[in-house]
Amino acid sequence: MVHSAYDYFELLNDCPTKIDAIESYGSKLLLGCSDGSLRIYGPDSSGADRSPPSDQHALRKEPYALERTVEGFSKKALLSMQVLQSRELLLSLSESIAFHRLPNLETIAVITKAKGANVYSWDDRRGFLCFARQKRVCIFRHDGGRGFVEVKDFGVPDTVKSMAWCGENICLGIRKEYMILNAMNGALSEVFSSGKIAPPLVVALPSGELILGKENIGVFVDQNGKLLQADRICWSEAPTVVVIEKPYAIALFPRRVEIRSLRVPYPLIQTIVLQNARHLIKSNNAVVVALNNSVYGLFPVPLGAQIVQLTASGNFEEALALCKLLPPEDASLRAAKEGSIHIRYAHYLFDNGCYEEAMEHFLASQVDITYVLSLYPSIVLPKTTAIPEPEKLMDLSLDASQLSRGSSGLSDDLETLLPQLSESDENAALEFKKMSHNTLMALIKFLQKKRYSIVEKAAAEGTEEVVLDAVGDNFSSTRFKKSNKGRGTIPINSAAREMAAILDTALLQALLLTGQSSAALELLKGLNYCDVKICEEILQKGNHYTALLELYRSNSMHREALILLHRLVEESKSNQLQAELIQKFSPEAIIEYLKPLRGTDPMLVLEFSMLVLESCPTQTIELFLSGNIPADLVNSYLKQHAPNMQTRYLELMLAMNENGISGNLQNEMVQIYLAEVLEWYSELSAQQIWDEKAYSPTRKKLLSALESISGYNPEALLRRLPPDALFEERAILLGKMNQHELALSLYVHKLHVPELALAYCDRVYESAVRQPLVKSSSNIYLTLLQIYLNPQKTTKNFEKRITNLVSSPNTSTPKFGSAASIKAKGGRKKIASIEGAEDMRISPGNTDSGRSDGDAEESSEEGGSAIMLDQVFDLLSRRWDRINGAQALKLLPRETKLQNLLPFLGPLLKKSSEAYRNFSVIKSLRQSENLQVKDELYNQRKAVVKISSDSMCSLCNKKIGTSVFAVYPNGKTLVHFVCFRDSQSMKAVAKGSPLRKR
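Calculation notes
Residues numbered from 1 in each chain as written. Predicted model: local features only at pLDDT ≥ 70, side-chain atom pairs only at ≥ 80, totals over all residues. Heavy atoms only, no water. Helix = DSSP H or I, 4+ residues; strand = E, 2+ residues; numbered from the N terminus. Buried < 20%, exposed > 50% of the residue type's maximum accessible area, 1.4 Å probe, protein only. Contact = heavy atoms within 4.5 Å. Areas by Shrake-Rupley, 256 points an atom, 1.4 Å probe, with all protein chains shown as cover. Core = buried A, V, L, I, M, F, W, Y, C linked by side-chain atoms within 4.5 Å. Axes fitted to C-alpha atoms, helices over the stretch in contact; angles between N-to-C directions. Parallel < 35°, antiparallel > 145°, perpendicular 65-115°, else oblique. Nonpolar A, V, L, I, M, F, W, Y, C, P; charged D, E, K, R; others polar. Phe/Tyr/Trp six-rings, centres within 6.5 Å; stacked < 30°, edge-to-face > 60°. Lys NZ or Arg CZ within 6 Å of the ring centre and 35° of its normal. Polar contact = N/O pair within 3.5 Å; in protein donor to acceptor, adjacent residues only side chain to side chain. Pairing = 2+ DSSP bridges. pLDDT = per-residue confidence, 0-100. Salt bridge = Lys/Arg side-chain N within 4 Å of Asp/Glu carboxyl O. Left-handed = near helix turned anticlockwise from the far one by under 90°. Patch = residues over 30% accessible without salt bridge, like charges linked within 9 Å, V, L, I, M, F, W, Y side chains within 5 Å.

Some details on the overall build of the protein
Then, number 1: Within the protein, the secondary structure is distributed over 33 helices and 30 strands.
Then, number 2: Burial statistics for the protein: of 998 residues in total, 46% are counted as buried.
Then, number 3: Taking contacts inside the protein between residues at least 6 apart in sequence as the whole, the part at least 24 apart equals 53%.
Then, number 4: Accessible area for the protein stands at about 51800 Å²; split by element, carbon and sulfur atoms hold 52% of it.

Section: the nonpolar core
Then, number 1: Judged by nonpolar contacts, the single largest core of 180 residues is most densely connected at Val289, Phe362, Leu443, Phe446, Tyr649, Leu785 and Leu876.
Then, number 2: No other element matches the 12 residues that helix H9 (residues 495–513) contributes to this core.
Then, number 3: Each residue touching Leu443, except ones within four places of it in the same chain, is listed here: Met359, Val372, Leu373, Tyr376, Ile379 and Ala510.
Then, number 4: Grouped together as the second largest cluster of nonpolar side chains are 24 residues, Cys166, Phe192, Val202 and Ala249 included.

Topic: the packing of helix H16 (residues 602–609) against helix H17 (residues 617–626)
Packed helix pairs are characterised by how far apart their axes lie and by the angle those axes make with each other.
Then, number 1: Relative orientation of the contacting elements H16 and H17 amounts to 170°, with a least axis distance of 11 Å. In this view, H16 runs roughly antiparallel relative to H17, as classed from their interaxial angle. Counted together, Val605, Leu606 and Ser609 of H16 and Thr620, Leu623 and Phe624 of H17 form the full contact between these two elements.
Then, number 2: Residues belonging to the contact of H16 with H17 are distributed by class as follows: 4 nonpolar, 2 polar and no charged.

Section: the packing of aromatic side chains
Where two aromatic rings form a pair, the distance of their centres and the angle of their planes describe that pair.
Then, number 1: One pass over the full model with this rule turns up 20 aromatic pairs.
Then, number 2: Consider the rings of Phe220 and Tyr266, whose centres lie 5.3 Å apart with planes at 20°: the pair is stacked. Of this pair, Phe220 sits in strand E20 (residues 217–221) while Tyr266 is found in the loop between strand E24 (256–261) and strand E25 (268–273), placing the two residues 46 residues apart along the sequence.
Then, number 3: According to the relative accessible area criterion, Tyr266 is buried, its value standing at 4%.
Then, number 4: With a centroid separation of 5.9 Å and 80° between ring planes, the pair formed by Tyr968 and Phe980 is classed as edge-to-face. One end of the pair, Tyr968, is in the loop between strand E29 (965–967) and strand E30 (974–976); the other, Phe980, is in helix H33 (residues 977–991), and 12 residues separate them in sequence.
Then, number 5: The ring of Phe128 is capped by Arg126, whose NZ or CZ atom sits 4.7 Å from the centre of that ring.
Then, number 6: Seen from the ring of Phe253, Arg256 lies directly overhead, with NZ or CZ sitting 4.8 Å from the centre.

With respect to helix H11 (residues 532–541)
Then, number 1: All of the buried residues in H11 are Val532, Ile534, Cys535, Glu536 and Leu539.
Then, number 2: Buried-residue contacts for H11 involve H9, helix H10 (517–525) and helix H12 (545–554).
Then, number 3: If you check the start of H11, you find a side-chain oxygen 3.3 Å away from the backbone N of Lys533, and it comes from Asp531.
Then, number 4: One or two steps after H11, the chain reaches Asn543, where phi turns positive at roughly 60°.

A word on the pairing of strand E27 (residues 287–290)
Then, number 1: Of the two faces of E27, the one lined by Val287 and Val289 and the one lined by Val288 and Ala290 are each fully buried.
Then, number 2: Hairpin connection from strand E26 (residues 279–282) to E27: 4 residues lie between these consecutive antiparallel strands.
Then, number 3: Examined bridge by bridge, E27 and strand E28 (residues 295–300) share 4 bridges and lie antiparallel to one another. The residue of E28 that forms the bridge with Val289 is Tyr296.
Then, number 4: With antiparallel pairing between neighbouring strands as the criterion, E27 and E28 make up a hairpin whose turn holds 4 residues.

A look at the side chain of Asn169
Then, number 1: Turning to its location among the elements, Asn169 is positioned in strand E15 (residues 169–174).
Then, number 2: Polar contacts involving the side chain of Asn169 include one to the side chain of Asn224, which spans 3.5 Å.
Then, number 3: The contact partners of Asn169, leaving out residues within four places of it in the chain, are Ala164, Ile180, Leu181, Asn182, Ala183, Gln223 and Asn224.

A closer look at the sheet that holds E26
Then, number 1: Spatially, E1-E28-E27-E26 is the arrangement adopted by the 4 strands of the open sheet, whose pairing is antiparallel. Edge positions in the sheet fall to strand E1 (6–12) and E26, since each of these pairs with one other strand and no more. With strand direction ignored, the average angle separating the axes of adjacent strands in the sheet is 25°.

Concerning the confidence of the model for the protein
Then, number 1: Summary statistics for the protein give a mean pLDDT of 78 and a share of 80% for residues scoring 70 or more.
Then, number 2: The weakest mean pLDDT in the protein belongs to helix H6 (residues 400–403) at 32; the strongest belongs to E27 at 94.
Then, number 3: Low pLDDT, under 50, characterises residues 385–422; the stretch is placed with 67 contacts to residues that sit more than four places away or in other chains.
Then, number 4: In the model, residues 473–493 has pLDDT below 50 throughout and makes 37 contacts with residues more than four positions away in sequence or in other chains.

Concerning the pattern of salt bridges
Then, number 1: Here the structure, examined in full by the defined rule, presents 28 salt bridges.
Then, number 2: With a shortest N-O distance of 3.8 Å, Arg278 and Asp20 are connected by a salt bridge. Of this pair, Arg278 sits in the loop between E25 and E26 while Asp20 is found in strand E2 (residues 19–25), placing the two residues 258 residues apart along the sequence.
Then, number 3: Judged by relative accessible area, Arg278 falls into the partly exposed class, the value being 29%.
Then, number 4: Notably, a salt bridge pairs Glu356 with Lys445, separated by 2.8 Å at the nearest N-O pair. Highlighted residues: Glu356 in helix H4 (residues 355–364) and Lys445 in helix H8 (residues 423–470), separated in sequence by 89 residues.
Then, number 5: Judged by relative accessible area, Glu356 falls into the partly exposed class, the value being 39%.
Then, number 6: What you see here is one network of salt bridges that share partners, running through Lys113, Arg136, Glu150 and Asp153.

Digging into the sheet that holds strand E19 (residues 210–214)
Then, number 1: Pairing in this open sheet of 4 strands is antiparallel, and the strands run E18-E19-E20-E21 from one edge to the other. A strand with exactly one partner marks an edge of an open sheet, and here the two such strands are strand E18 (202–204) and strand E21 (233–234).

Description of helix H2 (residues 316–323)
Then, number 1: By the criterion of burial, H2 is predominantly enclosed, with 7 of the 8 residues buried.
Then, number 2: The secondary structure elements touched by the buried residues of H2 are strand E23 (248–253), E24, E25, helix H1 (303–312), helix H3 (331–351) and H4.

Some thoughts on unusual backbone geometry
Then, number 1: The linkage connecting Leu102 with the following residue, Pro103, adopts the cis geometry, with an omega of 10°.
Then, number 2: Structurally, Pro103 is set in the loop between strand E8 (97–101) and strand E9 (106–111).
Then, number 3: Note that the residue after Val264, namely Pro265, is joined by a cis bond; omega there is 10°.
Then, number 4: Relative to the helices and strands, Pro265 is located in the loop between E24 and E25.
Then, number 5: Within the chain, Glu215 stands out as a residue other than glycine whose phi angle is a positive 60°.
Then, number 6: On the basis of relative accessible area, Glu215 is assigned to the partly exposed category, the value being 26%.
Then, number 7: One non-glycine residue, Gln366, lies in the positive phi region at around 60°.
Then, number 8: Note on placement: Gln366 falls in the loop between H4 and helix H5 (369–373).
Then, number 9: The class of Gln366 is exposed, set by a relative accessible area of 62%.

What to know about the packing of H9 against H10
Then, number 1: Running from amino to carboxyl end, H9 crosses H10 at an angle of 155°, the nearest separation of the two axes being 8 Å. One element, H9, and the other, H10, form an angle in the roughly antiparallel class. In this structure, the crossing between H9 and H10 has a hand that is left-handed. Packed against H9, whose contacting residues are Asp504, Leu507, Leu508, Leu511 and Leu512, the element H10 presents Ser517, Ala519, Ala520, Leu523 and Leu524 at the interface.
Then, number 2: Looking at the contact of H9 with H10 residue by residue, the class counts come to 8 nonpolar, 1 polar and 1 charged.

A few points about a nonpolar patch on the surface
Then, number 1: Together, Val945, Phe965 and Val967 line one region of the surface with nonpolar side chains, adding up to about 200 Å² of accessible area.
Then, number 2: Mapped onto the elements of the fold, Phe965 is located in strand E29.

A short note on the side chain of Ser609
Then, number 1: In this structure, Ser609 sits in helix H16.
Then, number 2: At 2.9 Å, the side chain of Ser609 forms a polar contact with the backbone oxygen of Leu606.
Then, number 3: Ignoring anything within four residues of it in the chain, the contact list for Ser609 reads Leu594, Thr620, Leu623 and Phe624.

Concerning the environment of Tyr781
Then, number 1: Structurally, the position occupied by Tyr781 is in helix H26 (residues 779–789).
Then, number 2: As for Tyr781 and Ile883, which are separated by 102 residues in sequence, their C-alpha atoms are 6.5 Å apart.

Notes on the environment of Pro382
Then, number 1: Counting through the fold element by element, Pro382 comes out in the loop between H5 and H6.
Then, number 2: The buried category is assigned to Pro382, whose relative accessible area is 5%.
Then, number 3: Considering only alpha carbons, one finds Pro382 and Lys533, 151 residues apart in sequence, at a separation of 8.8 Å.
Then, number 4: The contact partners of Pro382, leaving out residues within four places of it in the chain, are Ile502, Thr505, Asp531 and Ile534.

In structure tokens, the structure reads:
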């Protein structure tokens, strides 16, 4: 016997005749005796110590005495009786079925067709009665009054021995078979056999399902006879009667009563020995057992007392099941009992090695996590937490290394702690390690299930604190906030965050001790409240560097994380780390860590990026470029700590966004290039191997930068150039200062590369074309032409002019040609006359527009160098379409042969002729169009409008008569001139109206 679910009490023992049927009505007992009489017993109130009953309509746990005897209640012995509570009727089965009114036992109906019936079943919900006699099953319906109406009558294969309603159907026990009878059409369907010895037994459950007896087994089926579950109730032998009183099933046997739980696996709860027990019924508050001449009442023990018994005996599952049956008004009592049982059950399971099941019950008990963690002394918790001592602890005080598990599943450290053990000792140690691992795995699952709600409360508390701080709450100043360094400083009055810190700290340790490093890493990557000091020490001892980095990151301890990363990178270079960690802690890891910090802590990014700048220059500079770090700040930091990388940074910055780099940075980049080129020049000059046409990579970059960018100061750069070298750079700088004549002179007379001079002119011309405000863009070619024609004049005092230019404050005045005007001499022979030459005007300050052939001749006679006619003819032939022909011809010497000018004049004259022809055609077309318009005007003026006496105004619909009229352009619409004028004025007003258009 597990516990006492029922207390049995002898209600009466002096019935003079044999009891054939029994029923209860309120606090009364109705006994059907073998002599056909009905004896009514009630509580014996003669005792002076009887306490007043709490319920007048319930059986009492006290002796019963005979109150009334109804002789001749039935002609034959009663087979069974049933009180219909909802209708206040007594149904009795004897030679037929009779109904009596309660409590006076007035006969209201006798179903004569039920004569010979041996079994019946009543459906109280619908008021349906079914009974079986011989091989027939009849169904009657109570009409609500004194009569019953027959509904159906079906034939069955054999005599029915047991029956019960199951929804709309009826389950029948016929011979050794169970069948389901459809109450609508009488269709029969077989279920299964009832066995060879025991008769069929059909028991209806309150849910509408059935228990069908098969020998000593009770099988659960639904209303259609289908099996519900694989589990069965196994009685000690085949019962004669079974009644259901949740949560128990009570079976009657000749010598005893068995009480079994309705919960799988349907264990035996209690056995009550009663000799010659014959009848078993259920009353409203007890179960009644009738023997031959006595009656016993089985009164349920209060649920609270049963729960105490079950808990004391260690039957926790049954105790928890009974807790759910406590009435709703005892909700607080129920919760307290369930929590207490769950805790005791959890300790029982924990002591017996069922760790996961134990944690499930700890979870169900809603016990504080510190209570459970106190079972794990090896788990280090924040010192500020007071941990309650549980009722019963399991001593698992092991060092962390003893509980840790590697990738192989067993800790190497633990192996070393158990040297030279015998075979049995080794097995014991293995079991011990396995037990330790299992306990920690169960703890992990417990903490993970508790974590969501605890962390959610902590996050909500933190959000509330932030809101209070934002609105300036006066009380918020009293809170101790978690520092940015995350050193585990938890607010004293922050219960939720304190609990979250305990949970996460314990969970991290359990994950590490069971070898779940990846899960520990995921925990740290998300929102967590791990105690930094404790977890830092554990992670360092276990060499869990990746997790330690995440711990630092989640607590904004970026400097500590970067210092650790740098140390790991250095150790990986010296092969001090394991092989699999070298890839994780490469210099790129520092760059990846720095990326999210660019917008929040740029100085920290700059400081630690210097550690990997040499090993990963491209990635580091991309880190600067792709972030929000100011370029000037990066440049100044590089200039101070890594000057060799400054140029590369500026180059990439300029390549990525030329307009985004400031003028200061552009100027600094050019200055760096120039310094390197000057150093290179000094080395070659000292060795006397300098060549003006030699180009180092840096010099190429310098020339490209001088050409492409405009943010530098050309005057300052020009002062740094040596006087006798770097002429190409000097020419570009002079061009930036609009000193085109000096720049071209350098290309022609110093570098002796006419192609560079021509390319320079092309750049100036094309730039002027893109900027229409710049006038006389073709004059640049005339300036080059003058340089070719007057080499002596352009080279005279060349260095002095450049020196004066650099030292002069006015260096931005554009100069396209010589400042001195050249007088024209008479007697000059005209070489060619180009149409449109007179229309071209060149500023006297920009070109030598007044120079004559005689002057050129005189200049050539005075100078020591020859005129560069070949270059002149080449320039004219290649850029004829960009040079003013008339001005160019004026600059040429008198003795220039026309044949040499054919490549220049040929296409020029052809283009001029084509333009003349095109303009002539356009002029003719315009004249023709003018004549057509005039002809159309004349035709329009010839239009005739006939006004008759019937002509009407289209606006006012009145006759025109002799009034002044107007005609619309279509020639048909006539209006009064006054109406036309008024309509025009109205249109004007409408156009000027300020009303908004819809």
